[in-house]
Amino acid sequence: MQDGSGRTIDYLRLSVTDLCNYRCRYCMPEEGVCKRPHSDILSLEELAEIGEAAVHCGVKKIRLTGGEPLVRRGILELCRRLRAVSGLEELCLTTNGSLLPELAKPLRETGVDRLNISLDTLRPDRFAAMTRLGRLSDVLDGIRAAEDAGFQNIKLDTVLIGGFNDDETGDFLALTMEHPWEVRFIELMPMGPCAAWEKSCFLSADTVLKSNFPLQEIDPCGVARRYRLPGAVGTVGLISPISHEFCGECRRIRVTADGKLKGCLHSREELPLRGLHGEALEAAIRQGVLHKPQRHHLSERSSDTPRNMNQIGG
Ligand code: SAM
Ligand code: SF4
């Protein structure tokens, strides 16, 4: 699919829930989400139907996200159904990793191709403080379980936060010496609870390049600039939506767990997909793509979306 600015759109991020077993301070309020009736959230049937329609329209890669996608009942069945859609080249999932000890193997068996696992700190006390409900050891066990289940090219996503984990970049980089992972540093985006945080929390991903590590640039992948340490088995990625805006190369659309198509993570514009089926659903997806906003405005102001990140999926 081509959008109104001539960009090719072939990547759908599909949110399967806005619920989460963590409450990361930058993402969600402490009290969690307002309880809504089940019927507000897309059923498995609807999620599968939207995924399939998007593939018919030209989407080649689907990433399941949330909230925490692994708390969604029926997630394995959804993965199985999406994996069976002809034309889908890659089915990926972004997770906080805490439930991977139980679910990595069945996810692999359903045909999920790749996992991104979010991990912002390697220190147990900081981890507990940032996630409010999480335990670092669960995520480390989850990463191990993902490897044991046969997942390759695992990406660890680390949101870089000034005054919180910027003194740990060296520890994260060091992981790539021994593990074949891509450790990716992501700039914190001002939205939801963190929109009001002090400026010093928002660091350019280039901070990582200023460390004393001899990072050598390699080919970029998607929106990530990439590097490798000499002799490392893993790689390093920098995702810089603010300091190096990549809207011109954006290939994504998003669907929220309540069934709204978003052309841009940071835009207020949303197009309801619920109740649409078959050709009408595909026409709506094409319409949303055509009107995908050209760019976000994070260099001038906070995100325009009134949603918290757990309500979109990153
Ligand atoms: N719960 C899953 C997880 O944490 O990976 C999936 C959903 S979470 C919303 C997706 C990603 O968005 C996570 O890597 C999280 O760290 C990131 N994220 C949340 N709020 C963010 C923000 N304000 N700026 C940058 N990344 C953010
Ligand atoms: Fe949950 Fe992921 Fe948001 Fe953390 S970043 S609160 S794990 S949705």
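Going by the structure above, here's the rest.
Residues numbered from 1 in each chain as written. Chains lettered and ligands numbered in written order. Predicted model: local features only at pLDDT ≥ 70, side-chain atom pairs only at ≥ 80, totals over all residues. Heavy atoms only, no water.

1. Some words on the site of ligand 1
Right, on to step 1. Every one of the 17 residues lining ligand 1 counts as a neighbour, but Tyr26, Gly67, Glu68, Ser118 and Met189 are closest to it.
Right, on to step 2. In the model, a nitrogen atom of ligand 1 is placed 3.0 Å from a nitrogen or oxygen of the glycine 67 main chain.
Right, on to step 3. Taking threonine 95, its main chain carries an N or O atom lying 3.3 Å from an oxygen atom of ligand 1.
Right, on to step 4. Look at ligand 1: alone it shows 540 Å² of surface, and the protein chains cover 94% of it.
Right, on to step 5. A breakdown of the residues in the shell around ligand 1 according to their chemical character gives seven nonpolar, eight polar and two charged. (Near = heavy atom within 4 Å. Polar contact = N/O pair within 3.5 Å; in protein donor to acceptor, adjacent residues only side chain to side chain. Areas by Shrake-Rupley, 256 points an atom, 1.4 Å probe, with all protein chains shown as cover. Nonpolar A, V, L, I, M, F, W, Y, C, P; charged D, E, K, R; others polar.)

2. Side note on the nonpolar core
Right, on to step 1. With 86 residues, the main nonpolar core has Ile62, Leu64 and Ile285 as its most contacted residues.
Right, on to step 2. No other element matches helix α1 (residues 44-57), which puts seven residues into this core.
Right, on to step 3. Those residues in contact with isoleucine 62, other than ones at most four positions away along the chain, are Leu12, Leu14, Gly51, Val55, Leu82, Leu88, Glu90, Leu91 and Cys92.
Right, on to step 4. In this structure, Val223, Ala224, Ile239 and Phe246 belong to the second largest nonpolar core, which totals five residues. (Core = buried A, V, L, I, M, F, W, Y, C linked by side-chain atoms within 4.5 Å. Buried < 20%, exposed > 50% of the residue type's maximum accessible area, 1.4 Å probe, protein only. Helix = DSSP H or I, 4+ residues; strand = E, 2+ residues; numbered from the N terminus. Contact = heavy atoms within 4.5 Å.)

3. Quick notes on the sheet that holds strand β7 (residues 216-221)
Right, on to step 1. The strand order across the open sheet formed by 12 strands is β7-β8-β9-β6-β5-β4-β3-β2-β1-β10-β11-β12, and the pairing between neighbours is mixed. Pairing within the sheet leaves two strands with one partner each, and these edge strands are β7 and β12 (271-272).
Right, on to step 2. Across two bridges, strand β11 (residues 260-262) lies against β12 in antiparallel orientation. When the sheet's bridge partners are listed, leucine 261 is paired in β12 with leucine 271.
Right, on to step 3. Sitting on the sheet, helix α5 (residues 136-148) touches β4 (114-118) and β5 (155-160), and the angle it makes with β4 is about 165°. (Pairing = 2+ DSSP bridges. Axes fitted to C-alpha atoms, helices over the stretch in contact; angles between N-to-C directions.)

4. Quick word on the site of ligand 2
Right, on to step 1. In the neighbourhood of ligand 2, the contacting residues comprise Cys20, Tyr22, Arg23, Cys24, Cys27, Met28, Gly67 and Asn96.
Right, on to step 2. Residues that form the shell around ligand 2 fall into these classes: five nonpolar, two polar and one charged.

5. Details of the packing of aromatic side chains
Right, on to step 1. The final tally for this structure, using the stated rule, is two aromatic pairs.
Right, on to step 2. Across from the ring centre of phenylalanine 151, 5.2 Å away, lies the NZ or CZ of arginine 108, which sits over that ring. (Phe/Tyr/Trp six-rings, centres within 6.5 Å; stacked < 30°, edge-to-face > 60°. Lys NZ or Arg CZ within 6 Å of the ring centre and 35° of its normal.)

6. Some remarks on helix α2 (residues 75-83)
Right, on to step 1. Among the residues making up α2, those that are buried are Ile75, Leu78, Cys79 and Leu82. Seen end-on, α2 carries its buried residues on one side only, within an arc spanning 100°.
Right, on to step 2. Here the buried face of α2 lies against β1 (11-15), α1, β2 (61-65), β3 (90-95) and α3 (100-110). (Arc of directions from axis to C-beta.)

7. Some details on unusual backbone geometry
The phi angle of most residues is negative, glycine excepted, and most peptide bonds adopt the trans form.
Right, on to step 1. For arginine 132, which is not glycine, the phi dihedral falls at a positive 65°.
Right, on to step 2. As for its placement among the helices and strands, arginine 132 is situated in the loop between α4 (124-131) and α5.
Right, on to step 3. Phi is positive for asparagine 153, which is not a glycine, with a value near 55°.
Right, on to step 4. Looking at the secondary structure, you find asparagine 153 in the loop between α5 and β5.

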